[in-house]
Amino acid sequence: MPRTSDPPTARIAALEHDADALRRAFLTTPVFALDDHGLQTRFEEFGRTALALFRETTRSAGGEQSAQRIEAAYHRVHEALQAVAMLALSDTESGVPAHGDGRAKPSPHDLRQSVIRRDTQFS
């Protein structure tokens, strides 16, 4: 995580790097092993850092662009968490998941893969 003595731009760049690493970990670690890899703790630390940076940059001149970078980094991690949550919830469902109109839902594995493939969209 970024050190508080670093200038905000360096800390934002470090946060973006941490977001990409955390996102990759969420998307590639088996659901049953998430706790073993300390991802919850890493996510909580990431969230605290992002919030502190967000508060700091919104008060400074030129803070709008910095705030957008922080928000985008947080969004990348949040999207990965949503994919993991869908995967975890689908493990508890029985039968073939389907939409209300009878169309089959994509498998959770496909959902994680689609999030991974879109990685370049946010980079």
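Criteria and cut-off values
- Residues numbered from 1 in each chain as written.
- Predicted model: local features only at pLDDT ≥ 70, side-chain atom pairs only at ≥ 80, totals over all residues.
- Heavy atoms only, no water.
- Salt bridge = Lys/Arg side-chain N within 4 Å of Asp/Glu carboxyl O.
- Helix = DSSP H or I, 4+ residues; strand = E, 2+ residues; numbered from the N terminus.
- Core = buried A, V, L, I, M, F, W, Y, C linked by side-chain atoms within 4.5 Å.
- Buried < 20%, exposed > 50% of the residue type's maximum accessible area, 1.4 Å probe, protein only.
- Contact = heavy atoms within 4.5 Å.
- pLDDT = per-residue confidence, 0-100.

1. Overview of the pattern of salt bridges
Oppositely charged side chains are able to pair whenever their charged atoms sit close together.
Thought 1: Taken as a whole and assessed by the stated rule, the structure comprises four salt bridges.
Thought 2: Linking Arg69 and Glu16 is a salt bridge whose minimum nitrogen-to-oxygen distance equals 2.8 Å. Here Arg69, found in helix H3 (residues 63–90), pairs with Glu16, found in helix H1 (residues 8–28); they are 53 residues apart in sequence, far enough to count as distant.

2. With respect to the nonpolar core
Thought 1: Grouped together as the largest cluster of nonpolar side chains are 18 residues, with contacts concentrated most on Leu15, Leu22, Phe26, Leu39, Phe46, Ile70 and Val77.
Thought 2: When contributions to this core are tallied by element, the ones reaching two or more residues are H1, helix H2 (39–58) and H3.
Thought 3: Residue contributions to this core peak at seven residues, all from H1.
Thought 4: Residues within four places of Ile70 in sequence aside, it is in contact with Ile12, Leu15, Ala50, Leu53, Phe54 and Thr57.

3. Details of the confidence of the model for the chain
Thought 1: Mean pLDDT for the chain: 77, with 67% of residues reaching 70 or above.
Thought 2: For the chain, the element scoring lowest by mean pLDDT is helix H5 (residues 119–122), at 46; H1 scores highest, at 91.
Thought 3: Within the model, pLDDT remains below 50 along residues 94–99, and this stretch shows seven contacts once partners closer than five positions in the same chain are excluded.

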